[in-house]
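What follows is each chain in one-letter form.
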Amino acid sequence: MTTHHPIAVVGAGLGGLALARVLHVHGIEAALYDLDASPTARVQGGMLDIHEDSGQQALRAARLYEEFLALVHQGGQAVRVLDKDATVVLDQPDDDAGGRPEIDRGDLRDLLLGSLPEGTVRWGAKVTDARPLGDGRHEVALADGTVFTTDLLVGADGAWSRVRPLVSDARPAYTGVSFVEADLHDADLRHPVSAEVVGGGMLFALGEGRGFLAHRETDGSLHVYAALESDEEWLDGVDFTDTEAAKARVLEHFADWDKGLRALVADADGALVPRRIHALPVGHRWQRVPGVTLLGDAAHLMSPFAGEGANLALLDGAELGLALAAHPGDTEAALAAYEEKLFPRSERSAAESAQQGDALFRADAPQRLLNLFTAHG
């Protein structure tokens with residue numbers, strides 16, 4: 001028999017979990033489907049700065065704010081900005097003001113996941129298709145051949161969402177920037193020079209068309225992104241199965257950079273990971289479609305340069321949950337109220353992310369980033 005859910009959420013990332021948690025505290029249950037085999041199937045990523053006006057508001061709505069504070073990385077709000085010669089142009093300590101406290105993405109996900117009833121998430125459930133059945137109901141097919149139906153389908157399934165085509169023809173486009181990720185473990189002991197370069201929080205080392213972004217994680221490791229403005233195909237020419245050769249190819253683009261900055265990649269532990277940065281069009285929106293909506297990257301994928309992605313996913317999930325709780329028995333009114341706030345909010349953040357991305361790698365880098373920090377006090 002086909003399983004039916006009043007509310008089904010595709011994707012158990014931060015946004016989907018925030019939605020499920022806010023619904024749960026209001027006595028409404030949802031079923032989550034995620035393609036990962038288990039909660040520990042993959043590493044969840046690095047540090048997140050949780051913003052006071054978005055991510056923190058979502059955690060308050062989820063009644064998890066105090067628990068979140070207990071997991072914050074002390075000192076993680078520190079910021080250093082360097083040029084290609086490792087000259088420090090900004091060294092801003094963590095003022096402990098709480099505006100953007102840092103937390104490990106995995107810790108935050110575990111907090112949300114642990115706040116839900118056992119069995120809320122169906123793991124190993126890869127969605128292959130979703131189709132309307134009429135009257136706002138949808139049928140969703142999974143890779144294992146099973147299907148389920150739902151009265152409300154929420155796409156929280158990220159950049160390449162399987163749910164998005166139900167409401168929009170938009171697809172993410174390459175932004176012109178590629179990342180190569182690296183890790184340096186036990187940095188204070190094993191990589192003291194790199195640990196000093198990065199400092200206690202976030203590092204921006206910038207030049208024309210390229211840079212190193214890095215942050216210190218709660219386990220004492222450094223997570224590094226070598227960023228390069230490049231053609232979309234550039235990463236295809238790098239053999240990432242040969243780590244030393246891959247390091248050499250990446251560092252060809254930083255030949256005249258300070259040796260201490262180059263060491264962020266040269267001394268990395270483990271394999272390098274390539275990432276192309278994609279984004280949906282700024283201002284992406286859709287006409288109201290009965291019984292379905294999107295949140296997080298599925299709705300408004302943007303570049304990471306304003307740090308808004310995870311925060312908006314949390315806020316989207318919380319606000320959708322609050323809207324559904326405020327309109328019992330009238331899903332369409334809830335979705336309309338949610339999307340009315342979603343669209344302008346995500347457009348502003350996507351525009352800011354694109355603007356800051358343009359500022360990072362200009363010919364006068366890092367001056368434009370310094371100007372942004374100065375403008376924000």
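Residues numbered from 1 in each chain as written. Predicted model: local features only at pLDDT ≥ 70, side-chain atom pairs only at ≥ 80, totals over all residues. Heavy atoms only, no water.

**Description of the pattern of salt bridges**
Right, on to step 1. In the structure shown here, the tally under the stated rule is 18 salt bridges.
Right, on to step 2. In this structure, Arg216 engages Asp188 in a salt bridge whose closest nitrogen and oxygen atoms are separated by 3.2 Å. With Arg216 in strand 13 (residues 210-216) and Asp188 in helix 5 (residues 187-190), this residue pair connects regions lying 28 residues apart in the sequence.
Right, on to step 3. Residue classification places Asp188 among the exposed residues on the basis of a relative accessible area of 53%.
Right, on to step 4. Salt bridges here are not isolated pairs; linked through shared partners, they connect Asp316, Glu319, Lys341 and Arg345. (Salt bridge = Lys/Arg side-chain N within 4 Å of Asp/Glu carboxyl O. Helix = DSSP H or I, 4+ residues; strand = E, 2+ residues; numbered from the N terminus. Buried < 20%, exposed > 50% of the residue type's maximum accessible area, 1.4 Å probe, protein only.)

**Details of the environment of Pro132**
Right, on to step 1. Residue placement: Pro132 occurs in strand 8 (residues 127-134).
Right, on to step 2. Taking relative accessible area as the criterion, Pro132 reaches 52% and is therefore assigned exposed.
Right, on to step 3. A sequence separation of 17 residues divides Pro132 from Thr149, and the C-alpha atoms of the two residues are 9.5 Å apart.
Right, on to step 4. Apart from residues no more than four positions distant in its own chain, Pro132 is found in contact with Arg137, His138 and Leu166. (Contact = heavy atoms within 4.5 Å.)

**Describing the packing of helix 1 (residues 14-25) against helix 10 (residues 309-326)**
Right, on to step 1. Between helix 1 and helix 10, the least distance of the axes is 7 Å, while the angle of their chain directions is 30°. Relative to helix 10, the element helix 1 is oriented roughly parallel. The crossing of helix 1 and helix 10 is right-handed. Seen from helix 1, the contacting residues are Leu14, Gly15, Ala18, Leu19, Val22 and Leu23; seen from helix 10, they are Ala310, Ala313, Leu314, Gly317, Ala318, Leu320, Gly321, Leu322 and Leu324.
Right, on to step 2. Grouping the amino acids of the contact of helix 1 with helix 10 by side-chain chemistry returns twelve nonpolar, three polar and no charged. (Axes fitted to C-alpha atoms, helices over the stretch in contact; angles between N-to-C directions. Parallel < 35°, antiparallel > 145°, perpendicular 65-115°, else oblique. Left-handed = near helix turned anticlockwise from the far one by under 90°. Nonpolar A, V, L, I, M, F, W, Y, C, P; charged D, E, K, R; others polar.)

**Remarks on unusual backbone geometry**
Right, on to step 1. Although it is not a glycine, Ala86 sits at a positive phi angle of roughly 70°.
Right, on to step 2. Tracing the backbone through its elements, the reader meets Ala86 in the loop between strand 4 (79-83) and strand 5 (88-92).
Right, on to step 3. Note on Ala86: relative accessible area 25%, which makes it partly exposed.
Right, on to step 4. Notably, Asp135 is not glycine yet its phi reads approximately 60°, a positive angle.
Right, on to step 5. Take Asp135: it is sitting in the loop between strand 8 and strand 9 (137-142).

**Looking at helix 1**
Right, on to step 1. An ideal rise of 1.5 Å per residue puts 16 Å on twelve residues; helix 1 measures up with 16 Å between its terminal C-alpha atoms.
Right, on to step 2. Among the twelve residues that make up helix 1, eleven are buried, leaving the element largely enclosed by the rest of the structure.
Right, on to step 3. Along helix 1, the residues classified as buried are Leu14, Gly15, Gly16, Leu17, Ala18, Leu19, Ala20, Arg21, Val22, Leu23 and Val25.
Right, on to step 4. The positive-phi residue at the C-terminal boundary of helix 1 is Gly27, with phi of around 80°. (Expected span 1.5 Å × (residues − 1).)

**A few points about the sheet that holds strand 5**
Right, on to step 1. Read from one edge of the open sheet, seven strands run 5-4-12-13-14-11-15, paired in mixed fashion. Each edge of the open sheet carries a strand with a single partner, namely strand 5 and strand 15 (269-279). Looking at each pair of strands side by side, their axes are set apart by 15° on average, direction ignored.
Right, on to step 2. Across seven bridges, strand 11 (residues 173-184) lies against strand 15 in antiparallel orientation. Across the sheet, the residue bridging to Phe179 is Arg275, located in strand 15.
Right, on to step 3. Against the sheet, helix 8 (residues 259-266) touches strand 4, strand 11, strand 12 (202-207), strand 13, strand 14 (222-229) and strand 15, its axis set at about 70° to strand 13. (Pairing = 2+ DSSP bridges.)

**Comments concerning the side chain of Ser230**
Right, on to step 1. Following the sequence through the fold, Ser230 ends up in the loop between strand 14 and helix 7 (243-251).
Right, on to step 2. For Ser230, the contacting residues outside a window of four places in its chain are Tyr174, Gly176 and Ser178.

**So, the packing of aromatic side chains**
Right, on to step 1. Enumeration according to the criterion identifies nine aromatic pairs in this entry.
Right, on to step 2. Between Tyr65 and Phe68 the ring centres are 6.0 Å apart and the planes differ by 40°, which places this aromatic pair in the tilted class. Taken together, the residues Tyr65 and Phe68, both in helix 3 (residues 65-69) and three residues apart, mark about one turn of the helix. A single burial state applies to Tyr65 and to Phe68, both of which are buried.
Right, on to step 3. Between the aromatic rings of Trp286 and Phe343, the centroid separation amounts to 4.8 Å while the plane-to-plane angle is 90°, which identifies the pairing as edge-to-face. Here the residue Trp286 occupies a position in the loop between strand 15 and strand 16 (292-294), and Phe343 occupies one in helix 11 (residues 331-360), the gap between them amounting to 57 residues. For the pair Trp286 and Phe343, one class covers both residues: buried.
Right, on to step 4. Here the aromatic cluster, defined as three or more aromatic residues joined through ring pairs, consists of Phe179, Tyr225, Phe305 and Phe361.
Right, on to step 5. Lying across the ring of Tyr65, Arg60 places its NZ or CZ 3.7 Å from the centre.
Right, on to step 6. We note Arg122 situated over the ring of Tyr33; from NZ or CZ to the ring centre the distance is 5.9 Å. (Phe/Tyr/Trp six-rings, centres within 6.5 Å; stacked < 30°, edge-to-face > 60°. Lys NZ or Arg CZ within 6 Å of the ring centre and 35° of its normal.)

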